[in-house]
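# Fold and geometry: a report
So the chains spell out like this:
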Amino acid sequence: MKKLLFLLFIVGIFQSAFAYPISPRPLRKLISESENIVIAYVLKSETMPAAKNHWEGSRAVLVVREVLQGKIKEDTIYVYYSPGMICPAPATYMDGATVIAFLDKQKKGDGYTTHALSYGSKTLEEKGLLLYKERIKEMQAIQKIRTEEEKTEKTIEWLITCASYSETRWEGIYELSPESDFMSFYDQDRDTFTRKYSLTKNQKERLRKIFFSIDYLDYNDLGLIDLVKKRKDPELVSFLIEKFKELKKEDLWYADMFMERIATYSDREELFEIIENIQQLDYMDTDYNEKKMQLTSEFLKRI
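This write-up is about the structure you can find in this document. (Residues numbered from 1 in each chain as written. Predicted model: local features only at pLDDT ≥ 70, side-chain atom pairs only at ≥ 80, totals over all residues. Heavy atoms only, no water.)

### Observations regarding the side chain of aspartate 104
When you line up the elements, aspartate 104 lands in strand 4 (residues 98-105). If we ignore the near neighbours within four places in the chain, the residues touching aspartate 104 are Glu33, Ser34, Glu35, Asn36, Tyr112, Thr113 and His115. (Helix = DSSP H or I, 4+ residues; strand = E, 2+ residues; numbered from the N terminus. Contact = heavy atoms within 4.5 Å.)

### A closer look at empty space enclosed by the protein
Counted under the stated rule, the structure contains one cavity of 30 Å³ or more. Put simply, the largest cavity is a space of about 80 Å³. Taken together, Trp170, Ile173, Tyr174, Ser177, Ser180, Asp181, Tyr219, Asn220, Leu222 and Gly223 form the lining of the largest cavity. Looking at the lining of the largest cavity, the elements with two or more residues in it are helix 5 (169-176) and helix 7 (222-228). No other element matches the three residues that helix 5 contributes to the lining of the largest cavity. (1 Å grid on protein atoms, 1.4 Å probe; cavity = no way out; pocket = protein on both sides within 12 Å on 5 of 7 lines; lining within 4 Å. Points joined across faces, edges and corners; volume = space filled by probe spheres on them.)

### Some remarks on the packing of aromatic side chains
Within the structure shown, the criterion is met by 14 aromatic pairs. Arranged with centres 5.7 Å apart and planes meeting at 15°, the rings of tyrosine 119 and tryptophan 170 form a pair that is stacked. A residue pair is termed long-range when its members are at least 10 positions apart, and tyrosine 119 in the loop between strand 5 (112-114) and strand 6 (121-123) and tryptophan 170 in helix 5 qualify at 51 residues. Each member of the pair, tyrosine 119 as well as tryptophan 170, carries the same accessibility label: buried. With 5.2 Å between their ring centres and 85° between their planes, tryptophan 253 and tyrosine 254 make a pair best called edge-to-face. The class of tyrosine 254 is buried, set by a relative accessible area of 1%. (Phe/Tyr/Trp six-rings, centres within 6.5 Å; stacked < 30°, edge-to-face > 60°. Buried < 20%, exposed > 50% of the residue type's maximum accessible area, 1.4 Å probe, protein only.)

Written as structure tokens, this is what we have:
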């Protein structure tokens with residue numbers, strides 16, 4: 001119960017990154033489910049008055065730069081959303097940002113809504129925009145393949161390509177290894193595509209090479225560990241310890257994921273004991289953070 005409360009707290013803090021509690025929507029699903037996909041510039045966001053039986057929301061004015069899917073012909077479109085939402089997390093449209101937006105036409109009135117809320121609005125730099133555009137075009141072509149075996153093979157390769165770049169890493173890893181992300185707890189699609197298939201030795205080696213080339217391990221990178229680990233893997237353990245010691249204070253929220261993997265792959269009972277002590281802490285205690293930091297420091301000393 002305490003662990004669940006902690007996860008719910010994390011979800012609240014990082015609502016910009018995760019859309020609790022709707023099912024996660026990685027890129028492959030967004031492409032297949034969304035009516036429209038556009039690259040657009042956010043001219044402005046404006047507050048809309050509350051309508052009868054609805055809370056106050058906002059309207060983003062988007063200048064369409066490119067249509068990647070659908071039949072949008074307007075140069076300027078309106079996307080309605082509710083930025084005040086917490087659970088689930090809303091789409092985000094910041095003035096002056098460039099986004100890839102996955103949109104559905106409103107059933108009543110003009111304008112559009114964002115498919116899958118926060119998952120369907122991605123604010124990106126130019127490199128990220130180009131990578132997403134390439135992956136979207138590739139998946140659109142894959143979806144037209146009639147032979148299921150070929151479609152499956154190309155989809156897995158496509159997911160590996162997504163996982164190869166930091167900008168699209170989560171899009172690939174979530175489907176290659178959904179259990180690596182705690183948000184999979186809320187996934188209603190129990191038939192997630194790649195849970196049925198195993199990666200080849202060559203594919204794992206390619207991902208392993210990518211993993212060991214990462215300078216700083218972000219949360220989204222940790223899912224790679226579960227794809228590339230070997231039965232006895234001192235190289236991996238050594239790399240994880242090195243990167244764990246480099247973890248920034250503001251990133252300690254995912255320190256538990258580091259520690260659990262280090263303890264598991266090094267098979268050291270004393271490290272499991274520290275993790276268990278952390279899990280027994282009550283998040284509601286006023287000295288929770290202090291106690292957790294003490295135990296985390298003890299873990300660091302042991303490794």
